[in-house]
Amino acid sequence: ASHKIPTVYAHAIGPDQVRGFTWDITEEEIVNFVEVQYDYNAITQDYGSQYFATDATSVAKYGIRKREYQFKAVRTDAAGLTLLAAFSAAILARFKDPYITAEVTCGLAEMWVEIGDTVYFTNLNMPDVQTGTIGVMEKKWQCIGRKLDLRRGQVVLKLADLSRA
C-alpha cells in the first residue's frame, strides 16, 4: 500500500461567502530572536549546543521578542545546522513583523477549509494595512484556526495574511 501526502488546497473566499468578520493586528506574537537547544544527551539529560538567529531590523523596531525551541534529534553536523538555519529563517520570515488576522464567519460550504490551507480572501470593508486603503482583493491568507458550528450552520475561520511573507 502506498501513502500519499495530502494536497494543500487553495480556496477563494469573497463577499458572497462571508457572513461577518473581525480583524486584528498580531503585535504580541512577534518573534525576532530564535534560540534552539539541540544535540541532546540522554545520559545527562541536557542539550550540548545552542543555535541563535535574529532579525536586527525587527529587534530595532519592537525590542527583543524571543522564542525558544528544543530539538532532541538534531545533531551538530552539516545536515543539522542546515535544518536549524532553514527552520529559524522560516520562523523569522513569518513572525518578525506584525501581521493581520481575520476571523471570518462563513456558511457550511466553507467547512472544507482546513488549518494550513491557503485562502485567497477578498473583503471590500477590511483595511489593507500595507497600502492604507480600504478593501483587500484576492490576497493570500492561511487558515490558522477553525471552529465548526453545526447548530448555526456556519464555520468561523481564523486567517493570517501571508501577502508579505
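Residues numbered from 1 in each chain as written. Predicted model: local features only at pLDDT ≥ 70, side-chain atom pairs only at ≥ 80, totals over all residues. Heavy atoms only, no water.

**Q** Would you mind going over the sheet that holds strand β9 (residues 154-161) with me for this structure?
**A** Hydrogen bonding along the main chain pairs the strands of a sheet, whether they run parallel or antiparallel. Reading across from one edge, β1-β7-β8-β9-β6-β2 is the order of the six strands in this open sheet, with mixed pairing throughout. Of all strands in the sheet, those with a lone pairing partner are β1 (10-13) and β2 (18-25), marking the two edges. Each adjacent strand pair in this sheet contributes to an overall mean axis angle of 35 degrees, direction not counted. Two elements, strand β7 (residues 118-128) and strand β8 (residues 133-149), share seven bridges in a ladder whose sense is antiparallel. Bridging across to β8, Val119 finds its partner in Trp141. (Pairing = 2+ DSSP bridges. Helix = DSSP H or I, 4+ residues; strand = E, 2+ residues; numbered from the N terminus. Axes fitted to C-alpha atoms, helices over the stretch in contact; angles between N-to-C directions.)

**Q** Before we go on, may I ask you to explain the sheet that holds strand β5 (residues 66-70) in this structure?
**A** The three strands lie next to each other as β4-β3-β5, forming an open sheet whose pairing is mixed. This sheet does not close on itself; its edge strands, each paired only once, are β4 (46-54) and β5. Along the sheet, successive strands turn relative to each other by an average axial angle of 20 degrees, direction set aside. Judged from the five bridges that link them, strand β3 (residues 33-41) and β5 form a sheet pairing that is parallel.

**Q** I'm lost on a negative patch on the surface in this one. Help?
**A** Where like charges cluster on the molecular surface, the negative patch consists of Asp24, Glu27, Glu28 and Glu29. Checked against the element boundaries, Asp24 lands in strand β2. (Patch = residues over 30% accessible without salt bridge, like charges linked within 9 Å, V, L, I, M, F, W, Y side chains within 5 Å. Areas by Shrake-Rupley, 256 points an atom, 1.4 Å probe, with all protein chains shown as cover. Salt bridge = Lys/Arg side-chain N within 4 Å of Asp/Glu carboxyl O. Lys, Arg positive; Asp, Glu negative; His and termini not counted. Charge placed at Lys NZ, Arg CZ, Asp CG, Glu CD.)

**Q** When you look at the packing of aromatic side chains in this model, what are you seeing that I'm missing?
**A** Two aromatic rings, taken as a pair, are described by how far apart their centres are and by the angle between their planes. Applying the stated criterion to the full structure yields seven aromatic pairs. Arranged with centres 5.1 Å apart and planes meeting at 70 degrees, the rings of Phe71 and Phe87 form a pair that is edge-to-face. Of the two residues, Phe71 sits in the loop between β5 and α2 (78-95) while Phe87 sits in helix α2, which places them 16 residues apart along the sequence. Residue classification places Phe71 among the partly exposed residues on the basis of a relative accessible area of 22%. Residue classification places Phe87 among the partly exposed residues on the basis of a relative accessible area of 24%. (Phe/Tyr/Trp six-rings, centres within 6.5 Å; stacked < 30°, edge-to-face > 60°. Buried < 20%, exposed > 50% of the residue type's maximum accessible area, 1.4 Å probe, protein only.)

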